[in-house]
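Analysis of the macromolecular model
One letter stands for each residue in the lines below.
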Amino acid sequence: QVQLVESGGGLVQAGGSLRLSCAASGRTFDIYTMAWFRQAPGQERTFVARIIWTGGSTYYADSVKGRFTISRDISENTAYLQMDSLKPEDTAVYYCASRRRPLGQYDSWGQGTQVTVSS
């Protein structure tokens, strides 16, 4: 089992930046993909970005492409989400997740961190 803990959320003005961190512990050698999801009030949780843990390739939702950057530090077992040019519609609880296979469901989730973007 992998345990994930997010940090770095907060309140920021539109156009500003935040960097989220996701610290992994436990069976980190089992991680194949790390991803970020978000859930706005009254809405379903949606995919934001993912990174292949060892290879480093990335993929983004269209809504954040060009503004957000996912990265990881394998030596620190930590994934990051750099969020620039933030918009009010980016306001949500952000979750990191991991899975042990290239495809399929994510099997470990963090508790989430709140990001609020004011206009």
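Quick summary incoming for the structure in this document. (Residues numbered from 1 in each chain as written. Predicted model: local features only at pLDDT ≥ 70, side-chain atom pairs only at ≥ 80, totals over all residues. Heavy atoms only, no water.)

Description of the overall build of the protein
A tally of regular secondary structure across the protein gives 0 helices and 11 strands. Ordered by position from the N terminus, the helices and strands of the protein form the series β-β-β-β-β-β-β-β-β-β-β. For the protein, whose C-alpha radius of gyration is 13 Å, the value lies close to the compact-globule estimate of 14 Å for 119 residues. Here the protein, with 119 residues, has 44% of them falling under the buried criterion. Of the contacts made within the protein by residues no fewer than 6 positions apart, 53% connect residues no fewer than 24 positions apart. (Helix = DSSP H or I, 4+ residues; strand = E, 2+ residues; numbered from the N terminus. Rg over C-alpha atoms; globule rule 2.2 N^0.38 Å. Buried < 20%, exposed > 50% of the residue type's maximum accessible area, 1.4 Å probe, protein only. Contact = heavy atoms within 4.5 Å.)

Thoughts on the side chain of Thr 78
Its place among the elements puts Thr 78 in strand β8 (residues 78–83). Here Thr 78 falls in the buried class, since its relative accessible area comes to 9%. A polar atom in the side chain of Thr 78 sits 2.9 Å from the backbone oxygen of Glu 76. The residues contacting Thr 78, other than those within four sequence positions of it, are Ser 21, Cys 22, Ala 23, Trp 53, Arg 72 and Asp 73. (Polar contact = N/O pair within 3.5 Å; in protein donor to acceptor, adjacent residues only side chain to side chain.)

Examining the pairing of strand β9 (residues 92–99)
The element β9 is largely enclosed, with a buried count of 7 among its 8 residues. As paired elements, strand β4 (residues 33–39) and β9 share 7 bridges and run antiparallel to each other. The partner of Thr 33 across the bridge, within β9, is Arg 99. The pairing of β9 with strand β11 (residues 113–118) spans 3 bridges and is classified as antiparallel. Residue pairing across strands places Tyr 94 opposite Thr 113, the latter belonging to β11. Here 2 bridges tie β9 to strand β10 (residues 108–109), and the two strands are oriented antiparallel to one another. Bridging across to β10, Ser 98 finds its partner in Ser 108. (Pairing = 2+ DSSP bridges.)

Some remarks on the environment of Ala 23
Looking at the secondary structure, you find Ala 23 in strand β3 (residues 18–26). The spatial distance from the C-alpha of Ala 23 to the C-alpha of Arg 100 is 16 Å, given a sequence separation of 77 residues. Excluding its chain neighbours within four sequence positions, the residues that come into contact with Ala 23 are Gln 3, Leu 4, Val 5, Asn 77 and Thr 78.

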